[in-house]
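Observations on the three-dimensional arrangement
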Amino acid sequence: MNAIETHGLRKAFGEFTAVDGIDLAVPRGSFYGFLGPNGAGKSTTIKCLTGLLKPTGGTFRLLDLDPVADQIKVKRQVGVVPEDLALFDRLTGAETLSFVAQVHGIDRVEARARSKELLTLMDLTKSANDLVADYSHGMRKKIALSAALLPAPRLLFLDEPFEGIDAIASRQIKDLLSAYVRGGGTVFLTTHILEIVERLCDHIGIIQKGRLVAQGSMAELRAGGVTGQSLEERFMDIVGAAKSASLAIDWLAG
Amino acid sequence: MITTLRGLRALTWLRWRLLKNSIAGARKRDSLEQVSRALALVVPLLILVMSIGTFLAVSAVGFVGGRMMASGVLEMASGLLVLRLLLGLMLFAIVSLAVVSPTQSTLSRYTRLLLLPIPRRVLHLVEVVASLGDPWVAVVGAGLTAFAAGVLAGGRPIAAMGALVAAGLTVAVVVCAASLAGFLVAWLMRDRRRGELFTLVFVMAFSLLSFIPAFLTGAVDEPDAGRAAGDTRVAKEVHQINVDEFDRHLPAWTHYLPSEVYGRTIAHVLAGRRADVLGGFGVLAGEALLLFLASARVHRQMLGALEGDQSRRRTTEIKLGPKPLPWLSAGASAVAVALIRGSFRTVRGRLTILLPGPMLALLVAVFKRLPQETWTADAASRGYLLFGGSIVFTFYAMHAISMNLFGSDRAGLTLQLLSPVTDRELAWGKIVGFGAVVSTGIAVCLIASVAVAHAGALPYWIAVFLGAAATFFLISPVAIWFSAIFPVASDLSKTGSGGNPHPFPMVAGTLCTALFVLPTIVSLAVAEFWFKSAIVAPLLVGIWLVIAAAIGIPLVNVASRSIGARRENLALVAQGK
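Quick summary incoming for the structure in this document. The structure presented is a predicted model; accordingly, all values stated were derived computationally and were not measured.

The rules behind the values
- Residues numbered from 1 in each chain as written.
- Chains lettered and ligands numbered in written order.
- Predicted model: local features only at pLDDT ≥ 70, side-chain atom pairs only at ≥ 80, totals over all residues.
- Heavy atoms only, no water.
- Axes fitted to C-alpha atoms, helices over the stretch in contact; angles between N-to-C directions.
- Helix = DSSP H or I, 4+ residues; strand = E, 2+ residues; numbered from the N terminus.
- Left-handed = near helix turned anticlockwise from the far one by under 90°.
- Contact = heavy atoms within 4.5 Å.
- Nonpolar A, V, L, I, M, F, W, Y, C, P; charged D, E, K, R; others polar.
- Salt bridge = Lys/Arg side-chain N within 4 Å of Asp/Glu carboxyl O.
- Polar contact = N/O pair within 3.5 Å; in protein donor to acceptor, adjacent residues only side chain to side chain.
- Patch = residues over 30% accessible without salt bridge, like charges linked within 9 Å, V, L, I, M, F, W, Y side chains within 5 Å.
- Areas by Shrake-Rupley, 256 points an atom, 1.4 Å probe, with all protein chains shown as cover.
- Lys, Arg positive; Asp, Glu negative; His and termini not counted.
- Charge placed at Lys NZ, Arg CZ, Asp CG, Glu CD.
- Pairing = 2+ DSSP bridges.

A few points about the packing of helix 19 (residues 383-397) of chain B against helix 22 (residues 423-452) of chain B
Residues and elements named next belong to chain B. Look at helix 19 against helix 22: their axes get within 9 Å of each other, and the N-to-C directions meet at 150°. Relative to helix 22, helix 19 is oriented so that their crossing is right-handed. Contacts between helix 19 and helix 22 involve Gly383, Leu386, Phe387, Ser390, Ile391, Thr394 and Phe395 from the first element and Phe434, Val438, Gly441, Ile442, Cys445, Leu446, Ser449 and Val452 from the second. Residue classes in the contact of helix 19 with helix 22 are distributed as 10 nonpolar, 5 polar and no charged.

Listed below in structure tokens is the structure:
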């Protein structure tokens, strides 16, 4: 049973095709790393899957539900940390969590307890009553992640969640997400930090120029390459990146 | 020197590209979005056309004035007085705009520039020189240059040279003064709370203090006092303007204002007093130099403050939001509360609530001091008219919120679009939130109106309130439609164009508001002049309210469908694309 299943998912902006007919299969309870170079179509794919963009073609299902017909039902079970973090500048961190709790129909006592735990975990308790407008980038990321986790979703979309977060919080979030997946949740993660993918993810999808060029478990992905090859080297092979030596720039070497 | 020139060239190119790219817009989306962008260009084009008109008119006046004064057709003292006053007013406008400008933009562009190998003094110089592109400065420069050209055409080439030098120095003083004021405020704005408080206080004080001269002037009181004494001869004398007397009454500090120094220098130029002319040039050059150095100092201070940290309140008690609002689903309630908080916590939101009522009340207070036979004083005796008028202005002022209900949330809109909230809940949440904000504005209007002019029968006051409710019901679906079709990622913490909605809904919303208040005005007039009974007014407006609610409420549900239809575009706008 797959948490995310797409068939020929396509998104075009005029003549430019950002996502070109991809077939994703993300198993339930998996930690799925969605990789690709800048501009490959990772964020556009997430926006299509979360309903922010309307796909130009193809079909998809989330948690075995039709996101178009069962829009609200799907949203109740899905948490998202999008590219722009999706936060109200003029709400405090605590009020942001309160907003999410209200729209998800979580009762006040439960919402308060969950908020406290999340704010403590993210080390945001002391800034909980400050406006998000006054938060640093890392703090904004943490509160966006807290907002995504608060309703205890069954599927979590995380678009570059670890960039700008300090090492301690990063470690805590990794542990939290691992526990979440062990508990049956599914994480769909995009990141450029391959070490994080290597450590956390059990399934990988690689997108390049809008097309899915590789997909499978970490073991399957490694099996296709040279023995002893790192994920970074395998990734470079798949996306066909030029060897760094061939790109040496004479004038830069001094 | 080469580094400075290179930096200047690079930054000039940067400004030009930013302007060009902002006009060209981003990647093409759907056709409706293209129409929306095309309409957004109409207002800047209108401003450009009007600026060119002003530019030409001021140049023509300057040229004719210069020629007439040089040839002796126009008496020098009177002509110079007009020139000094006009120039003084323009200088005031330029410096005021320079103060307002930093409240409308962010300083983030400096962060990138500071990382480049460009000396800070070059950055400062570019900023100062760039002020020459300010339309008002260009108008002043054109007017003063045309004046010098007029003097030349009047057959006084040496005097024309002097006038040209004085014009150049005056523009330099103005540019440096505007830069100093702008940098000072930009430095203040570095701290969000301090900056927003400054903007709020500045805009309110600037708006309200403009009425002070009307209160201080004794001239308007004289006829009234005379009538009270039964003396019909008062106010018959026309006081002739005497330039010497006017100058004697000016405080000493005004002699150093650039407009005054320029006026004196031109007088010396036309009279051929060379030593005094050089003295005038010296004062203007000295002022320009002092202001330039001061602005450089403040500019350094401002750049140094860019990377400063903001003070934060430390707390251990977590304050969550309130309970859901009654009669609303939890989702709609959360949306409404977010809108209310956003409006109450932003400069633009606060101004729309606090400003229209007191502004109009002060205007009426000025009217009340005018002679009794004027229509203004007659209108001021009907307090409910003031109440109604200020409500209309409140609706207009709130277009920043109501005509951009989704775009003004910016990234917050993405959160709402990702939340399990239906389009109908989103629409009703927005409308209820807007209702709460507009109600607060109406309450402020009521307090201000009662304080200034509480006259008028109570039923009329009630009728005005019911009329406001009717207008709200009808403007609500319009607000949803316009906000969904013409969204703009606006920032309500900015008082200028950065906080404005799309120009089309702003204009169309103004017309709609005028149309929707019309039945209330007609009902009030019918009650007063036809039925001659105050009690009829709330009855008639009450009927209108029921009709408006019967039309408006179902239309909000219909309008909410436009959110679904424009969801993708709204999501892209929320991301600033």
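A few points about the interface of chain B and chain A
On the side of chain A, 51 residues touch chain B, which itself brings 49 residues to the contact. Summed over the shared surface of chain B and chain A, the result is 4 salt bridges. With a closest N to O distance of 3.3 Å, Arg341 of chain B and Glu95 of chain A form a salt bridge. Taken together, the connections running from chain B to chain A amount to 10 residue pairs in polar contact (both at pLDDT 80 or more). Elements supplying a minimum of two residues to the side of chain B that touches chain A: helix 9 (192-209), helix 15 (330-344), helix 21 (411-418) and helix 26 (567-574) of chain B. Broken down by class, the residue content of the side of chain B that touches chain A amounts to 17 nonpolar, 15 polar and 17 charged.

Some details on a negative patch on the surface
All names here are of chain A. On the surface, Glu195, Glu232, Glu233 and Asp237 cluster together into a patch of negative charge. The greatest single-element share of the negative patch, amounting to 3 residues, is contributed by helix 9 (residues 231-239). Counting through the fold element by element, Glu233 comes out in helix 9.

Notes on the sheet that holds strand 9 (residues 203-208) of chain A
Pairing between sheet strands relies on hydrogen bonds along the backbone, with the strands arranged either parallel or antiparallel. Residue and element names in this part refer to chain A. Taken together, 6 strands build an open sheet; the order of strands is 6-7-8-4-9-10 and the sheet is mixed. Both edges of this open sheet fall to strand 6 (78-81) and strand 10 (211-217), since each of them pairs with a single strand only. In this sheet, neighbouring strand axes are inclined to one another by 15° on average, regardless of whether the strands run parallel or antiparallel. In the sheet, strand 4 (residues 31-35) pairs with strand 9 via 4 bridges, with the strands oriented parallel. By the bridge assignment for strand 9, Gly33 is matched with Ile204.

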